[in-house]
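The chain contents come next:
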Amino acid sequence: MARMATTRRVVISTAMAWLFGFLIFFPILWMVLASFKTELEAFAIPPSFLFFHWTIENYATVQERSDYFHHAMNSIIIAGGSTLIALLIAIPAAWSMAFSPTKRTKDILLWMLSTKMMPPVGVLVPIYLIYKTFGLLDSRIGLVFILCLGNLPIVIWMLFTYFKEIPRDILEAARMDGATIGRELVYVLTPMAIPGLASTLLLNLILAWNEAFWTLNLSTSHAAPLTTFIASYSGPEGLFWAKLSAASTLAIAPILVLGWFSQKQLVRGLTFGAVK
Amino acid sequence: MATRQTQFLARSLLTPAVGLLFIWMIVPLALTIYFSTLHYSLLDPGSEEFIGLENFRYFLTDPAFLASLRNTLVLVGSVLALTILLGIPLALLLDQPVVGRNFVRLMVIAPFFVMPTVSALVWKNLLMHPVSGLFAWLAKLVGLTPVDWFNDVPLFSVILIVAWQWLPFATLILLTALQSLDEEQKEAAEMDGASAVSTFIYITLPHLARPITVVILIETIFLLTVFAEIFVTTGGGPGLQTTNIAFLIYAQALIQFDVGSASAGGLVAVVIANIVAFFLVRIVGRNLEA
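All values reported here derive from a predicted model rather than from experimental measurement.

Conventions we followed
Residues numbered from 1 in each chain as written. Chains lettered and ligands numbered in written order. Predicted model: local features only at pLDDT ≥ 70, side-chain atom pairs only at ≥ 80, totals over all residues. Helix = DSSP H or I, 4+ residues; strand = E, 2+ residues; numbered from the N terminus. Contact = placed C-beta atoms within 7 Å. Rg over C-alpha atoms; globule rule 2.2 N^0.38 Å. Buried ≥ 20, exposed ≤ 12 C-beta atoms within 10 Å, placed from the backbone. Axes fitted to C-alpha atoms, helices over the stretch in contact; angles between N-to-C directions. Parallel < 35°, antiparallel > 145°, perpendicular 65-115°, else oblique. Nonpolar A, V, L, I, M, F, W, Y, C, P; charged D, E, K, R; others polar. Expected span 1.5 Å × (residues − 1). Bend = angle between axes of the 7 residues up to and from the residue. Core = buried A, V, L, I, M, F, W, Y, C linked by C-beta atoms within 7 Å. pLDDT = per-residue confidence, 0-100. Left-handed = near helix turned anticlockwise from the far one by under 90°.

Some points on the overall build of chain B
No. 1: The number of helices and strands found in chain B is 13 helices and 2 strands.
No. 2: Its C-alpha atoms put chain B at 75 × 75 × 30 Å along the principal axes.
No. 3: Looking at chain B alone, contacts between residues at least 24 apart form 68% of all its contacts between residues at least 6 apart.

Structure follows, in structure tokens:
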């Protein structure tokens, strides 16, 4: 950095940044703390910040009473399944548009983007009725399918922007050396595409894990992922704060970790490459 | 050189994705349009009949529609204003030399990864509860009367929760843009004797114009369909005070089982979203050329 940062300036900006960062993070921290309290302490006024009787009993109760792992497994299957299927469909499409573009490629890309703009509520009625007719309500396969379609445009877009950055010269060189398309794909493209694939996978896992329109409307119990499961705590007030906090902490912890790893790609993926 | 063979291959690789998205877009939308012209109630099966535009007249003249349109606009507008007005200073702050910046950035971005049902319930119970919430305790500590958030200012409460979820997104995008700003340009301005304020107004802000536009458009698309936060906190109430268009359509479809009217509402939502999408697609499309 060329500009000299005076000590005073660093101290002030550091203090302010930590203060605001802490304030923004506080609700999450408060929830994690509440998950280690007894129900009485979680509800108590004045609240205790650190000096309470720490207990992990809520975590055990959540599993015992409500079969937490069943819903966690649903989340894993639905988020993982929809992301993997979307990748399988998107990789060939993005590859084709990045490396053999035609004059319609741009239109196709923008059209794909526009399908993502359709508000889900606009098609809630027909999807609900179709699912009802085919017995797909409250089924994991139904949710996998709809989340896959919902995220497909983002997956294709992200992969496309990553594939575009693979230098064309390398492909030319491989072709000159007599590589077939199959070999080119396996030995040249795949290694170079893996970072882009990984970040696409990560971002879409996060989006699918947190999706809360279709999951709330199309699942009730058997196929309910964590979003729906947590929503079931909205009924009784006050009685289950510590358990709600424990269930919530478990539900967001894995995704928080994944999210922190993928923050750079997040900007790129969510802005469709408009901000890098 | 693309041979005919590779062209054929390219096209066949693209077809599954295009085909699926095409079906995904056309079939439900066509069904929505079809249902919107029917008198169709799930409570009264077998009574379906064509009624033309009657559902639209009913939906658009329903006082609930105007109320929910107003709530939708207030919700989208307020959250946009909050996230951008707080996001700009926050991004500027994080762009400064800060000790432990990476850690601070992790804290700032965390709310974005919390699933909507969790953030809504944590805010509603642990923070905003009128008796045992943390805010109530803080208010009493400084001698104020605790606010009964979801009864006295329900829409504002929802706005606060949603803004908390989206502030990280705005901040992160603005910060990414700030970090790509040419340091030398700012230095040159400072050497020419520009004050910090005029550097901000004449160099930083113009540079942020595009990312701010992108934030506005993308947030708008998601904010138009805020659902889970309302679903688990207020259920649209009290009265219609927190019913937005998405929630109104949901209520008509899955609570009142009025398929026809909900479909008409769905189409209205599609039209509103398309107006926004039109601008976003243009901006992103311009970027494709570069």
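Now, onward.
Considering the overall build of chain A
No. 1: Helix and strand counts for chain A come out as 13 helices and 0 strands.
No. 2: Its C-alpha atoms give chain A a radius of gyration of 23 Å, more than 25% over the compact-globule value 19 Å for 276 residues.
No. 3: Principal-axis analysis of the C-alpha atoms places the extent of chain A at approximately 75 × 70 × 35 Å.
No. 4: Here chain A holds 276 residues, and the buried ones make up 46% of them.

Re the interface of chain A and chain B
No. 1: Between chain A and chain B, the contact holds 87 residues from the first and 86 residues from the second.
No. 2: At 16 residues, helix H1 (residues 7–35) of chain A tops the list of elements feeding residues into the side of chain A that touches chain B.

Observations regarding the packing of helix H3 (residues 57–66) of chain A against helix H12 (residues 241–261) of chain A
Residue and element names in this part refer to chain A.
No. 1: Closest axis-to-axis distance for the H3/H12 pair is 9 Å, and the angle between their directions is 80°. With respect to their mutual orientation, H3 and H12 come out roughly perpendicular. Residue-level inspection shows Asn58, Tyr59, Thr61 and Val62 of H3 in contact with H12, the latter providing Ala242, Lys243, Ala246 and Ala247.
No. 2: When grouped by side-chain class, the residues that make up the contact of H3 with H12 number 5 nonpolar, 2 polar and 1 charged.

Here's the deal with unusual backbone geometry
For residues other than glycine, phi is negative in most cases, and the peptide bonds are mostly trans.
No. 1: Phi at Asp138 of chain A is positive, roughly 55°, even though this residue is not glycine.
No. 2: Inspection of the secondary structure puts Asp138 of chain A in the loop between helix H6 (124–133) and helix H7 (140–164).
No. 3: Residues other than glycine seldom take positive phi values, yet Phe257 of chain B does so here, at roughly 55°.
No. 4: Along the chain, Phe257 of chain B turns up in the loop between helix H12 (245–255) and helix H13 (259–289).
No. 5: Judged by the 14 C-beta atoms lying within 10 Å of it, Phe257 of chain B falls in the partly exposed class.

Points about helix H8 (residues 168–176) of chain A
No. 1: The buried count for H8 of chain A comes to 0 of 9 residues, which makes it a mostly uncovered element.
No. 2: Of the residues one or two after H8 of chain A, Gly178 of chain A is the one with positive phi, at around 90°.

Some details on helix H1 (residues 4–36) of chain B
Owing to its 3.6 residues per turn, the α-helix aligns residues three or four sequence positions apart on the same side.
Residues and elements named next belong to chain B.
No. 1: Between the first and last C-alpha of H1 there are 46 Å, a value that for 33 residues agrees with the 48 Å anticipated at 1.5 Å per step.
No. 2: The largest bend in H1 is about 35°, located at Thr15, with the proline Pro16 one to four residues further on.
No. 3: Those residues of H1 lying buried are Ala10, Leu14, Ala17, Leu21, Trp24, Pro28, Thr32, Phe35 and Ser36.

So, the nonpolar core
No. 1: Judged by nonpolar contacts, the single largest core of 166 residues is most densely connected at Ala90, Ala94 and Ile156 of chain A.
No. 2: Ala94 of chain A has contacts with Ile156, Leu159, Phe160 and Phe163 of chain A, leaving out every residue within four places of it along the chain.

Considering the confidence of the model for chain B
No. 1: Considering every residue of chain B, the mean pLDDT works out to 86; 97% of them sit at 70 or more.
No. 2: Predicted as a complex, the structure gets a pTM of 0.88 and an ipTM equal to 0.86.

Some details on the packing of helix H5 (residues 116–127) of chain B against helix H8 (residues 154–179) of chain B
Residues and elements named next belong to chain B.
No. 1: Orientation of H5 relative to H8, taken along the N-to-C sense of each, is 130°, at an axis distance of 10 Å. One finds that H5 runs oblique with respect to H8. You can see that H5 and H8 cross each other, and the crossing is right-handed. Residues Pro116, Ser119, Ala120 and Trp123 of H5 lie in contact with H8, whose contacting residues are Ile161, Trp164 and Gln165.
No. 2: Split by residue class, the contact of H5 with H8 holds 5 nonpolar, 2 polar and no charged.

Topic: the environment of Leu110 of chain A
No. 1: Mapped onto the fold, Leu110 of chain A is located in helix H5 (residues 105–116).
No. 2: Sequence-wise, Leu110 of chain A and Trp157 of chain A are 47 residues apart; in three dimensions their C-alpha atoms are separated by 9.4 Å.
No. 3: Ignoring sequence-local partners within four residues, the contact set of Leu110 of chain A consists of Val281 and Gly285 of chain B.

A word on the environment of Ile78 of chain A
Residue and element names in this part refer to chain A.
No. 1: Here Ile78 lies in helix H4 (residues 68–99).
No. 2: Along the sequence, Ile78 and Ser234 sit 156 residues apart, while their C-alpha atoms lie 23 Å from each other.
No. 3: Beyond its immediate stretch of four places on either side in the chain, Ile78 contacts Arg140, Leu143, Val144, Leu147, Ala208 and Pro225.

Some words on the confidence of the model for chain A
No. 1: Averaged over every residue, the pLDDT of chain A is 85; the share at 70 or more is 95%.
No. 2: Ranking the helices and strands of chain A by mean pLDDT puts H1 of chain A first, with 92, and helix H13 (residues 263–270) of chain A last, with 74.

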